[in-house]
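One letter stands for each residue in the lines below.
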Amino acid sequence: LGLTALAFAGGGAAGEASDAELDHLRLANTVLQQRLHGYEQLHAKMEVKLASCTSTTSPLSAAAAAGAQPADAKALLAAHAHWDWRSVARDLLQPWPSVTQENLA
């Protein structure tokens, strides 16, 4: 909406955007909506991944899931020290058991 308003404000003598400008803005809007949708899907996947990495039996996981306040920083730091960062990094950074030629293409 903001981009369209700018196009109209900077348009021709009558204050209207040309068809080419409107088409460009519509295309840009579509691209941005697709990117946003992709980022929202990625965010949802990462939340699921994070939930599977934290232990539900740990009292510290409740603080982390609740969006801990600065007072909980020490508790979160203690939880951070007990996580298996090697397996977390391996799961997130290497989704395949080995890298093959197909992975590189």
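Here the residue numbering is sequential within each chain, running from 1 through the sequence in written order. Two thresholds apply to this predicted model, a pLDDT of at least 70 for residue-level local features and 80 or more for giving and counting side-chain atom pairs, whereas whole-chain, interface and lining totals are computed over all residues. Remark: hydrogens and water are excluded; side-chain values derive from all non-hydrogen atoms of the structure.

## Points about the overall build of the protein
Note the following rule: A run of H or I in DSSP counts as a helix once it spans at least four residues, and a run of E counts as a strand once it spans at least two, with each numbered from the N terminus.
The helix and strand tally for the protein stands at 6 helices and 0 strands. When the helices and strands of the protein are read in sequence order from the N terminus, they spell out α-α-α-α-α-α.

## Details of the pattern of salt bridges
Quick reminder of the rule: Salt bridges are defined as contacts in which a side-chain nitrogen from Lys or Arg sits within 4 Å of a carboxyl oxygen from Asp or Glu. Burial classes follow relative accessibility: with a 1.4 Å probe on protein chains only, a residue under 20% of its type's maximum area counts as buried, one over 50% as exposed, and anything between as partly exposed.
A full pass over the atoms with the stated rule returns 1 salt bridge. Among the salt bridges present, the one from Arg26 reaches Asp23, with a minimum N-O distance of 3.6 Å. Here Asp23 and Arg26 lie together in helix H2 (residues 19–53), a separation of 3 residues that amounts to about one turn. The class for Arg26 is exposed, based on a relative accessible area of 53%. The class of Asp23 is partly exposed, set by a relative accessible area of 47%.

## Brief notes about a nonpolar patch on the surface
This is how it is decided: Without a salt bridge and with relative accessible area above 30%, a residue can belong to a patch; like charges are then joined within 9 Å and nonpolar side chains (Val, Leu, Ile, Met, Phe, Trp, Tyr) within 5 Å. Accessible surface is estimated by sampling points in the Shrake-Rupley manner with a 1.4 Å probe; for residues, cover comes only from the protein chains shown.
Taken together, the side chains of Tyr39, Leu42, Met46, Leu92 and Leu93 make up a nonpolar region of the molecular surface, amounting to roughly 560 Å² of accessible area. Sorting elements by how many residues they give to the nonpolar patch places H2 first, with 3 residues. With respect to the element layout, Leu93 can be found in helix H5 (residues 85–93).

## Overview of the confidence of the model for the protein
Rule in force here: pLDDT expresses how confident the predictor is about each individual residue, on a scale running from 0 to 100.
Summing up the model confidence of the protein, the mean pLDDT is 73 and the portion of residues at 70 or higher is 69%. By mean pLDDT, helix H1 (residues 2–9) is the weakest element of the protein at 50, and H2 is the strongest at 88.

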